[in-house]
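Given next are the chains, with one letter for each unit.
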Amino acid sequence: MTEKNLEIVLLTSHWIKFEDDDEDLCSHGQVRVKIGQEIIVNEGKKENFWTTSAMAVHLLRTLKNNHKPENMVGEHLIPCCGHHIDHLKEEENVHIQGCMTGHNFWVEHDIDKVILTTVSGTKIKLPFDTYKNEVLRFVDEVENLYRTSKPKKLPQDEYDRRGYELMWKEWENRKQEFE
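Now for a quick tour of the structure. The structure presented is a predicted model; accordingly, all values stated were derived computationally and were not measured. (Residues numbered from 1 in each chain as written. Predicted model: local features only at pLDDT ≥ 70, side-chain atom pairs only at ≥ 80, totals over all residues. Heavy atoms only, no water.)

### Considering the pairing of strand β11 (residues 113–118)
So, point 1. Counting buried positions over the six residues of β11 gives five, a clear majority of the element.
So, point 2. The pairing of β11 with strand β12 (residues 123–127) spans five bridges and is classified as antiparallel. Residue pairing for β12: Val114 is matched across the bridge by Leu126.
So, point 3. The antiparallel hairpin formed by β11 and β12 contains four residues in its connecting segment, where Gly121 sits at a positive phi of about 110°. (Buried < 20%, exposed > 50% of the residue type's maximum accessible area, 1.4 Å probe, protein only. Helix = DSSP H or I, 4+ residues; strand = E, 2+ residues; numbered from the N terminus. Pairing = 2+ DSSP bridges.)

### Digging into the pattern of salt bridges
So, point 1. With the rule as written, the count across this model stands at 17 salt bridges.
So, point 2. Taking the shortest distance from any N to any O, the salt bridge between Lys68 and Glu108 comes out at 3.7 Å. Within this pair, whereas Lys68 is found in the loop between α1 (52–61) and β6 (78–79), its partner Glu108 is found in strand β10 (residues 105–110), the two being separated by 40 residues in sequence.
So, point 3. Its relative accessible area of 32% is what places Glu108 among the partly exposed residues. (Salt bridge = Lys/Arg side-chain N within 4 Å of Asp/Glu carboxyl O.)

### Looking at the packing of α1 against helix α2 (residues 128–147)
So, point 1. Put simply, α1 and α2 touch, their axes get as near as 10 Å, and they point 150° apart. The pairing of α1 with α2 is recorded here as roughly antiparallel in orientation. For the pair α1 and α2, the sense of crossing is left-handed. Here Thr52, Ser53, Met55, Ala56, Leu59 and Leu60 of α1 come into contact with α2, specifically with Tyr131, Val135, Leu136, Phe138, Val139, Val142 and Tyr146.
So, point 2. Tallied by class, the residues present in the contact of α1 with α2 amount to eleven nonpolar, two polar and no charged. (Axes fitted to C-alpha atoms, helices over the stretch in contact; angles between N-to-C directions. Parallel < 35°, antiparallel > 145°, perpendicular 65-115°, else oblique. Left-handed = near helix turned anticlockwise from the far one by under 90°. Contact = heavy atoms within 4.5 Å. Nonpolar A, V, L, I, M, F, W, Y, C, P; charged D, E, K, R; others polar.)

### Quick word on the sheet that holds β11
Strand pairing in a sheet relies on backbone hydrogen bonds, with the paired strands running either antiparallel or parallel.
So, point 1. Spatial ordering of the open sheet is given by β10-β11-β12, a layout of three strands whose pairing is antiparallel. Each of the sheet's edge strands pairs with one partner strand only, and the pair in question is β10 and β12. Between one strand axis and the next, the sheet turns through 20° on average, direction left out of account.
So, point 2. Lying on the sheet, α2 is in contact with β10, β11 and β12; it crosses β12 at an angle near 95°.

Okay, structure coming up:
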(Lines give C-alpha, C1' and ligand atoms only; values in the text may rest on other atoms or scores of the structure.)
Protein backbone atom coordinates (compact mmCIF):
# COMPACT_ATOMS: atom_id res chain seq x y z
CA MET A 1 0.00 0.00 0.00
CA THR A 2 1.24 3.44 -0.83
CA GLU A 3 0.22 6.99 -0.08
CA LYS A 4 -1.33 8.10 -3.41
CA ASN A 5 -3.80 10.59 -4.71
CA LEU A 6 -7.53 10.50 -4.35
CA GLU A 7 -9.78 12.48 -6.65
CA ILE A 8 -13.54 12.73 -6.40
CA VAL A 9 -14.49 15.42 -8.89
CA LEU A 10 -17.88 16.66 -10.03
CA LEU A 11 -17.34 17.40 -13.74
CA THR A 12 -20.90 18.58 -14.47
CA SER A 13 -24.00 19.01 -12.36
CA HIS A 14 -27.59 19.14 -13.61
CA TRP A 15 -31.12 17.84 -13.29
CA ILE A 16 -32.09 14.80 -15.33
CA LYS A 17 -33.69 16.83 -18.14
CA PHE A 18 -30.79 19.34 -18.17
CA GLU A 19 -33.13 22.15 -17.09
CA ASP A 20 -34.05 23.64 -13.72
CA ASP A 21 -36.97 21.40 -12.78
CA ASP A 22 -38.63 22.03 -9.42
CA GLU A 23 -40.05 18.48 -9.38
CA ASP A 24 -36.73 16.69 -10.01
CA LEU A 25 -35.43 15.82 -6.55
CA CYS A 26 -32.20 14.08 -7.57
CA SER A 27 -29.10 15.78 -8.90
CA HIS A 28 -27.14 14.17 -11.70
CA GLY A 29 -23.83 14.78 -13.36
CA GLN A 30 -20.58 13.47 -14.67
CA VAL A 31 -17.88 12.56 -12.18
CA ARG A 32 -14.24 11.54 -12.12
CA VAL A 33 -13.06 9.24 -9.34
CA LYS A 34 -9.39 8.27 -9.21
CA ILE A 35 -7.78 6.13 -6.52
CA GLY A 36 -4.02 5.95 -6.73
CA GLN A 37 -3.29 5.72 -10.43
CA GLU A 38 -6.55 3.88 -11.21
CA ILE A 39 -9.44 5.80 -12.70
CA ILE A 40 -12.69 4.27 -11.42
CA VAL A 41 -14.90 6.49 -13.54
CA ASN A 42 -14.22 9.50 -15.75
CA GLU A 43 -17.39 10.16 -17.65
CA GLY A 44 -17.68 13.48 -19.38
CA LYS A 45 -20.23 12.56 -22.03
CA LYS A 46 -23.77 13.92 -21.98
CA GLU A 47 -25.33 10.45 -22.16
CA ASN A 48 -23.32 9.06 -19.23
CA PHE A 49 -24.22 10.61 -15.93
CA TRP A 50 -24.63 9.47 -12.35
CA THR A 51 -27.04 10.29 -9.54
CA THR A 52 -24.76 12.64 -7.63
CA SER A 53 -27.20 13.29 -4.77
CA ALA A 54 -27.24 9.56 -3.92
CA MET A 55 -23.47 9.45 -4.38
CA ALA A 56 -23.07 12.33 -1.91
CA VAL A 57 -25.20 10.58 0.73
CA HIS A 58 -23.29 7.32 0.30
CA LEU A 59 -19.90 9.06 0.50
CA LEU A 60 -20.99 10.95 3.63
CA ARG A 61 -21.80 7.59 5.23
CA THR A 62 -18.26 6.40 4.54
CA LEU A 63 -16.87 9.14 6.77
CA LYS A 64 -18.04 7.09 9.73
CA ASN A 65 -18.72 3.62 8.35
CA ASN A 66 -16.77 1.10 6.34
CA HIS A 67 -18.09 0.30 2.88
CA LYS A 68 -17.13 -3.29 2.11
CA PRO A 69 -18.77 -6.03 0.02
CA GLU A 70 -20.23 -7.67 3.11
CA ASN A 71 -21.53 -4.42 4.64
CA MET A 72 -22.19 -1.66 2.12
CA VAL A 73 -23.47 1.85 2.90
CA GLY A 74 -25.42 1.78 -0.38
CA GLU A 75 -25.68 -0.35 -3.48
CA HIS A 76 -22.94 1.66 -5.21
CA LEU A 77 -20.80 4.58 -4.07
CA ILE A 78 -21.19 5.90 -7.62
CA PRO A 79 -24.79 5.00 -8.53
CA CYS A 80 -26.36 5.35 -11.93
CA CYS A 81 -29.84 5.76 -10.52
CA GLY A 82 -31.72 6.75 -7.41
CA HIS A 83 -35.26 5.74 -8.35
CA HIS A 84 -36.81 5.80 -4.93
CA ILE A 85 -35.99 6.79 -1.35
CA ASP A 86 -37.11 4.10 1.08
CA HIS A 87 -37.24 4.52 4.83
CA LEU A 88 -38.40 2.72 7.92
CA LYS A 89 -40.39 4.41 10.65
CA GLU A 90 -37.74 4.08 13.38
CA GLU A 91 -34.68 4.37 11.10
CA GLU A 92 -32.72 7.60 10.61
CA ASN A 93 -30.97 6.49 7.41
CA VAL A 94 -32.73 6.19 4.08
CA HIS A 95 -32.18 3.60 1.40
CA ILE A 96 -31.80 5.15 -2.03
CA GLN A 97 -32.90 2.43 -4.39
CA GLY A 98 -31.13 2.38 -7.72
CA CYS A 99 -30.55 0.09 -10.63
CA MET A 100 -27.81 -2.51 -10.91
CA THR A 101 -25.47 -0.09 -12.71
CA GLY A 102 -22.81 1.77 -10.81
CA HIS A 103 -19.26 1.67 -9.52
CA ASN A 104 -17.82 0.78 -6.15
CA PHE A 105 -14.63 1.06 -4.25
CA TRP A 106 -14.19 -0.20 -0.72
CA VAL A 107 -13.59 2.05 2.29
CA GLU A 108 -12.08 0.75 5.53
CA HIS A 109 -11.24 2.88 8.56
CA ASP A 110 -7.92 2.18 10.27
CA ILE A 111 -7.53 4.45 13.34
CA ASP A 112 -6.70 7.88 11.80
CA LYS A 113 -6.29 6.53 8.26
CA VAL A 114 -8.60 5.26 5.54
CA ILE A 115 -7.81 2.35 3.25
CA LEU A 116 -9.43 2.57 -0.18
CA THR A 117 -9.50 -0.51 -2.37
CA THR A 118 -10.78 -0.65 -5.92
CA VAL A 119 -12.71 -3.61 -7.28
CA SER A 120 -9.62 -4.51 -9.34
CA GLY A 121 -7.40 -4.49 -6.25
CA THR A 122 -5.63 -1.11 -6.26
CA LYS A 123 -5.15 -0.18 -2.62
CA ILE A 124 -4.13 3.12 -1.04
CA LYS A 125 -3.92 4.29 2.56
CA LEU A 126 -4.36 7.97 3.32
CA PRO A 127 -5.00 10.20 6.31
CA PHE A 128 -8.65 10.33 7.30
CA ASP A 129 -8.64 14.14 7.00
CA THR A 130 -7.50 13.91 3.37
CA TYR A 131 -10.38 11.56 2.59
CA LYS A 132 -12.86 13.60 4.61
CA ASN A 133 -11.92 16.85 2.88
CA GLU A 134 -12.29 15.30 -0.58
CA VAL A 135 -15.73 13.90 0.30
CA LEU A 136 -16.97 17.15 1.88
CA ARG A 137 -15.74 19.20 -1.09
CA PHE A 138 -17.67 16.92 -3.47
CA VAL A 139 -20.79 17.05 -1.27
CA ASP A 140 -20.65 20.87 -1.21
CA GLU A 141 -20.41 20.96 -5.00
CA VAL A 142 -23.45 18.70 -5.34
CA GLU A 143 -25.36 20.75 -2.78
CA ASN A 144 -24.61 23.93 -4.72
CA LEU A 145 -26.94 22.79 -7.51
CA TYR A 146 -29.81 22.64 -5.00
CA ARG A 147 -28.89 26.06 -3.57
CA THR A 148 -28.81 27.73 -6.99
CA SER A 149 -31.94 26.08 -8.42
CA LYS A 150 -35.65 26.64 -7.99
CA PRO A 151 -37.04 25.47 -4.65
CA LYS A 152 -38.20 21.87 -4.89
CA LYS A 153 -41.87 20.89 -4.91
CA LEU A 154 -42.15 18.14 -2.36
CA PRO A 155 -43.98 14.98 -3.41
CA GLN A 156 -47.70 14.82 -2.65
CA ASP A 157 -47.37 11.25 -1.44
CA GLU A 158 -46.57 11.30 2.29
CA TYR A 159 -44.16 8.35 2.15
CA ASP A 160 -42.17 9.87 -0.72
CA ARG A 161 -42.16 13.33 0.88
CA ARG A 162 -40.94 11.88 4.18
CA GLY A 163 -38.20 9.93 2.38
CA TYR A 164 -36.91 13.11 0.71
CA GLU A 165 -37.01 15.02 4.00
CA LEU A 166 -35.17 12.21 5.80
CA MET A 167 -32.52 12.09 3.08
CA TRP A 168 -31.78 15.77 3.66
CA LYS A 169 -31.83 15.33 7.43
CA GLU A 170 -29.30 12.50 7.15
CA TRP A 171 -27.22 14.57 4.69
CA GLU A 172 -27.09 17.58 7.02
CA ASN A 173 -26.44 15.55 10.18
CA ARG A 174 -23.58 13.60 8.61
CA LYS A 175 -22.07 16.70 7.05
CA GLN A 176 -22.24 18.73 10.26
CA GLU A 177 -20.57 15.94 12.21
CA PHE A 178 -17.42 16.35 10.14
CA GLU A 179 -17.27 20.06 9.29
